[in-house]
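Here is what each chain is made of, one letter per residue.
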Amino acid sequence: MSGFDVAALRREFPILVPGLHYLDNAATAQTPRAVLDALIAHETTHRANVLRGVYRLAEEATAAYHAARVELAGYVNARDPNEVVFTSGTTGAINLVAHGFGAALKPGDEIVISVLEHHSNIVPWQLLRDRAGVVLKALPVTLDGRIELAELPRLIGPRTRLVAVTHASNVTGAVTDVATVVAAARSVGAPVLLDGAQMAPHGPLDVQALGVDFYAFSGHKMFAPNGVGVLWGRAEVLAAMAPFQGGGEMIRRVTLARTEYADPPHRFEAGTPPIAQAVALAAAARWVRGLPAEAVHAHLRRLTERLLDGLAARGRVRVIGPTGLQGRLATVSFAVARVHPHDVCQILDARGVALRGGHHCAQPLMDALDLAGTARASLAPYNDDGDIDAFFAGLDDVLRRFP
Ligand code: PMP
């Protein structure tokens, strides 16, 4: 049994009407009423710009924005709230590092990524390569869709300046063995960036225990609105970083001749930030912390096992990624022989099952696996057995229609 009341949890999500089986949580998770309420409460009682006005409303907005930073700092166990930079999302966070940290790199310096990264942890580094002449190296992928960490010693060396990999794959669900990555990076004195877009929604993190230097994630995958995300950076590393964008809020003093920049995090938050979104993200962090973690974990494991077993039982279907429950999230990619993933998704959509099909913004991984794309079911705590039943009924329809 689930150990917690999934039906009650579903009722917290206004969008989860009967007949909708939402299995695309890796792309965007849905938003509970507590988070929507926090968003509306802020906009209807404290809305003003932050860090500038001296009137009451502006001070309330500034206080709410700061409180959101403190909440997110707690969520990742940062040493200091000033290590939390609000960005537009994971993509914004990684681009910020590619510019701010990348500004100090020299031609021939090396950055190590992996083949299974999301494009947002590939393209910013390619742009940096083209700007600064750094060398980009990529760890290969194993047959079961994990980063091939055995190759770390071969790719890491004295010129490695950064190792930037995903904490968990949005395609295969594989969770990266961070300790191995950190040990290898530390052996050459290189910092580590983790793309936490997929991991952050699963519960509070401990960036200090992980031993990394940067951690990036998105609000919209964590039950919060679009347009906000977090870059956590170790204080010393952020302090040494150049700004990314210039504008209001990120300065200490501007003359026409030169500008003195503000300290982090403001140095990296040019312009009006996503204020209400940050407040709602903090509410989402509180909401996640309020879930019964053990019971949710057991629930997701049980549903993932149902997915893996059911897919394995259907002859023409192949799981792309780990086939067992160890070291994986509740995100399961699969390929159906002789059927395009878009056809799979369309047939399931007709039954109210929202599934993602395609390359999942991970084309180098698709190339490595020799696939055009996969179909992917990704679960959140509010998914239930009815969703899995509907998924398999739809999949059997696919197999019937494409004999
Ligand atoms: N990295 C991973 C692993 C992701 O799954 C995603 C979103 N699919 C991103 C980065 C990019 O996130 P965003 O579009 O919110 O910036």
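As the structure is a computational prediction, the values presented were derived from the model and not from experiment.

Participant: Is there a simple way to explain the overall build of the chain in this structure?
Facilitator: The secondary structure content of the chain amounts to 14 helices and 15 strands. When the backbone C-alpha atoms are referred to their principal axes, the chain occupies close to 70 × 55 × 35 Å. With 403 residues in all, the chain has 57% of them scored as buried. Nonlocal contacts in the chain, meaning residues at least 24 apart in sequence, comprise 70% of its contacts between residues at least 6 apart. Entry remark: accessible area of the chain is about 16400 Å², with carbon and sulfur atoms responsible for 55%. Charge separation in the chain, taken as the distance between the mean sites of 38 positive and 39 negative side-chain charges, equals 3 Å.

Participant: Sorry if this is basic, but what is going on with the side chain of Thr-331 here?
Facilitator: Within the secondary structure layout, Thr-331 lies in strand E12 (residues 331-336). Once residues lying within four places of it in the same chain are set aside, the contact partners of Thr-331 are Ala-26, Asn-170, Val-171, Thr-172, Gly-173, Arg-376, Ala-377 and Ser-378.

Participant: Where do I start with the sheet that holds strand E6 (residues 192-195) in this structure?
Facilitator: Neighbouring strands of a sheet are bound in pairs by backbone hydrogen bonds; such pairs are parallel or else antiparallel. Taken together, 7 strands build an open sheet; the order of strands is E2-E8-E7-E6-E5-E3-E4 and the sheet is mixed. In this open sheet, the two strands that pair with only one neighbour each are strand E2 (84-87) and strand E4 (135-139). Across the sheet, the axes of successive neighbouring strands diverge by a mean angle of 20 degrees, strand direction being ignored. When E6 meets strand E7 (residues 214-218), the two strands line up parallel, connected through 3 bridges. When the bridges of E7 are listed, Leu-193 appears paired with Phe-214. Relative to E2, helix H3 (residues 56-76) is tilted by about 115 degrees, and along the sheet it contacts E2, E7 and strand E8 (229-233).

Participant: Explain the domain arrangement of the chain here, please?
Facilitator: Frequently, the measure chosen for interface size is the accessible area that the parts lose on association. Per the domain assignment, the segments of the chain are domain 1 (6-28 + 292-401) and domain 2 (35-289). Once you take the C-alpha centre of each, domain 1 and domain 2 turn out to be 28 Å apart. Each side of the interface is counted separately: domain 1 has 31 residues, and domain 2 has 25 residues. Overall, the association of domain 1 and domain 2 removes approximately 2200 Å² of surface from exposure, summing both partners, and the carbon and sulfur fraction of that is 63%. When the buried surface of domain 1 facing domain 2 is broken down by residue, Leu-329, Cys-361 and Leu-365 rank first, second and third, together holding 26% of it. Joining domain 1 to domain 2, the criterion identifies 0 salt bridges.

Participant: Is there a simple way to explain the pairing of E2 in this structure?
Facilitator: Residues in a regular strand point their side chains to alternate faces of the sheet. Along E2, one buried face is formed by Val-84 and Phe-86 and the opposite face, lined by Val-85 and Thr-87, is buried too. As defined by bridge partners, E2 adjoins E8 across 4 bridges and the pair is classed as antiparallel. The residue of E8 that forms the bridge with Phe-86 is Val-230.

Participant: What is the right way to read the pattern of salt bridges from this model?
Facilitator: When the charged atoms of two side chains lie near each other, side chains of opposite charge can form a pair. For the coordinates displayed, the defined rule picks out 28 salt bridges. Of the charged contacts in the structure, one is a salt bridge between Glu-83 and Arg-79, with a shortest N-O distance of 3.4 Å. According to the relative accessible area criterion, Glu-83 is buried, its value standing at 1%. The shortest N-O distance in the salt bridge between Asp-213 and Arg-186 comes to 3.1 Å. Here Asp-213 is found in the loop between helix H8 (207-210) and E7, whereas its partner Arg-186 is found in helix H7 (residues 178-187), with 27 residues between them in sequence. One connected set of salt bridges, linked through shared partners, spans Arg-302, Arg-306, Asp-385 and Asp-389.

Participant: Can you help me understand the site of the ligand in this one?
Facilitator: Around the ligand, a shell composed of Thr-90, Thr-91, His-118, Ser-120, Thr-166, Asn-170, Asp-195, Ala-197, Gln-198, Ser-218, His-220 and Lys-221 is seen. At a separation of 3.2 Å, a nitrogen atom of the ligand approaches a polar side-chain atom of His-118. A distance of 2.7 Å separates an oxygen atom of the ligand from a polar side-chain atom of His-220. Here the ligand loses 85% of its free accessible area of 390 Å² to cover by the protein chains.

Participant: It is not clear to me how helix H11 (residues 293-312) should be interpreted in this structure. Could you clarify?
Facilitator: Side chains three or four residues apart in an α-helix point the same way, a direct result of the helix having 3.6 residues per turn. With 20 residues, H11 should cover 28 Å at 1.5 Å per step; its first-to-last C-alpha distance of 28 Å lies within 8% of that length. Turning to H11, the residues buried within the fold contact helix H1 (6-11), strand E11 (317-320), E12, strand E15 (374-378) and helix H14 (385-401).

Participant: Can you walk me through the packing of helix H12 (residues 341-349) against H14 in this structure?
Facilitator: Helix packing geometry: the angle between the two helix axes and the distance between the axes. Direction vectors running N to C along H12 and H14 enclose 125 degrees, while the axes themselves pass 9 Å from each other. Looking at the two axes, H12 sits oblique to H14. Classified by chirality, the crossing of H14 by H12 is right-handed. Touching Val-344, Ile-347 and Leu-348 of H12 are Phe-391, Gly-394, Leu-395, Asp-397, Val-398 and Arg-401, all from H14. The class makeup of the residues in the contact of H12 with H14 is 6 nonpolar, 1 polar and 2 charged.

Participant: Which parts of the structure should I look at to understand unusual backbone geometry?
Facilitator: The amide bond that connects Pro-264 to the next residue, Pro-265, takes the cis arrangement and shows omega of 5 degrees. In this model, Cys-361 sits at a positive phi of 55 degrees, which is unusual for a non-glycine residue. With respect to the element layout, Cys-361 can be found in the loop between strand E14 (356-358) and helix H13 (363-369).

About the cut-offs
Residues numbered from 1 in each chain as written. Predicted model: local features only at pLDDT ≥ 70, side-chain atom pairs only at ≥ 80, totals over all residues. Heavy atoms only, no water. Helix = DSSP H or I, 4+ residues; strand = E, 2+ residues; numbered from the N terminus. Buried < 20%, exposed > 50% of the residue type's maximum accessible area, 1.4 Å probe, protein only. Contact = heavy atoms within 4.5 Å. Areas by Shrake-Rupley, 256 points an atom, 1.4 Å probe, with all protein chains shown as cover. Lys, Arg positive; Asp, Glu negative; His and termini not counted. Charge placed at Lys NZ, Arg CZ, Asp CG, Glu CD. Pairing = 2+ DSSP bridges. Axes fitted to C-alpha atoms, helices over the stretch in contact; angles between N-to-C directions. Domains from an automatic or database assignment. Buried area = accessible area lost by both parts, 1.4 Å probe. Salt bridge = Lys/Arg side-chain N within 4 Å of Asp/Glu carboxyl O. Near = heavy atom within 4 Å. Polar contact = N/O pair within 3.5 Å; in protein donor to acceptor, adjacent residues only side chain to side chain. Expected span 1.5 Å × (residues − 1). Parallel < 35°, antiparallel > 145°, perpendicular 65-115°, else oblique. Left-handed = near helix turned anticlockwise from the far one by under 90°. Nonpolar A, V, L, I, M, F, W, Y, C, P; charged D, E, K, R; others polar.

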